[in-house]
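# Per-entry structural report
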Amino acid sequence: MNLDGRRESSNVEDRRGMSSGKKAGLGAGVIGIIIAMAMAYFTGGDPLAAGVQAFQENGGLGSLTGTNTEVSEEQREFTEEEQELARFSTQILAGTEDVWKEIFEENDMQYEVPTMVLYTDGTQTACGQGSAQMGPFYCSGDQKLYIDLSFVIAHEVGHHVEYLTGILQDAHERMAKMNQTDANKMSVRLELLADFYAGVWAHHDNKMFGSLEDGDIEEAINCAQVIGDDYLQKKARGYAVPESFNHGTSKQRMKWFKKGLETGDVSQGNTFQCSDDEL
């Protein structure tokens, strides 16, 4: 992706160098697996192998179970790679600000920009203790994206858009009254909508700045494929458990990202109006 000369967002809170004195007890979410894949990519490793290993080592899909921990400051210098990742992150965030501000204005709404928090190992959030093991995540309690320098920023901003439009809160209220299987199905619809919004952003960012280069779309589609619940579970366990899916299958994630990318039309992200078969 060509970001040469692009501005960096100022809506960034840099907590790197601040770390938890104790590690919170956490399971690995699907986005946590992306952490391992992204780091493998930037260090010349095999992203797919790293993702599968992370899934296996952390016992599959999990949730936040940590407790508040004491935070202390560490003094250290950041590597050139870390600084480049931070710069890339702030440029992507700036691109999401430009695109969603315009889309919201076209729909007579005002876009409220989220803050991106860069942190090391763990940090406190309005949604509880956050950890690098969780991967990038969005907390609606403080409207912040939390990233330990391995990221799927456009997807997490998609959750922020869901929050601003009330979709996220409504879904969470309904999920709280459901059994786990039905709540997982609701979660899939939220995640696929965020994938769709990521595609919408890419469509408009390219339209504004000509940012997409040869191979970018294919790479993004392939990424959507290898983070599907079915793909990850089969690689890790040898079989998939559909009732445990909470992000969507490879086919679904590719479909909704491509739909957003091709149309750029937010009104077509109807994941909550589709039947299960239509997802």
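This write-up is about the structure you can find in this document. Being a predicted model, the structure only gives us computed values, none of them experimental.

## Description of the sheet that holds strand S4 (residues 115–118)
Judged by pairing direction, the sheet is mixed, and its four strands sit side by side in the order S1-S4-S8-S7 without closing on themselves. The open sheet has two edge strands, strand S1 (12–14) and strand S7 (137–139), and neither has a second partner. Ignoring strand direction, the axes of neighbouring strands in this sheet form an average angle of 25°. Pairing analysis gives three bridges linking S7 to strand S8 (residues 144–147), with the strands arranged antiparallel. What sits directly across from Tyr-138, in S8, is Leu-145.

## Structural notes on the pattern of salt bridges
Per the counting criterion, the structure on display carries ten salt bridges. With a shortest N-O distance of 3.0 Å, Asp-98 and Arg-7 are connected by a salt bridge. With a gap of 91 residues between them, Asp-98 in helix H3 (residues 80–106) and Arg-7 in the segment before S1 connect regions that are remote in the sequence. Between Asp-14 and Arg-16 there is a salt bridge, with its nearest N and O atoms 2.8 Å apart. Shared partners join several salt bridges into a network, and the residues in it are Arg-7, Glu-97 and Asp-98.

## A look at the packing of H3 against helix H4 (residues 153–164)
Relative orientation of the contacting elements H3 and H4 amounts to 35°, with a least axis distance of 10 Å. Once H3 is placed against H4, the crossing between them reads as right-handed. Within the contact between the two elements, H3 uses Ser-89, Ile-92, Leu-93, Thr-96, Trp-100 and Phe-104 and H4 uses Ile-153, Val-157, Val-161 and Leu-164.

Thresholds applied
- Residues numbered from 1 in each chain as written.
- Predicted model: local features only at pLDDT ≥ 70, side-chain atom pairs only at ≥ 80, totals over all residues.
- Heavy atoms only, no water.
- Pairing = 2+ DSSP bridges.
- Helix = DSSP H or I, 4+ residues; strand = E, 2+ residues; numbered from the N terminus.
- Axes fitted to C-alpha atoms, helices over the stretch in contact; angles between N-to-C directions.
- Salt bridge = Lys/Arg side-chain N within 4 Å of Asp/Glu carboxyl O.
- Left-handed = near helix turned anticlockwise from the far one by under 90°.
- Contact = heavy atoms within 4.5 Å.

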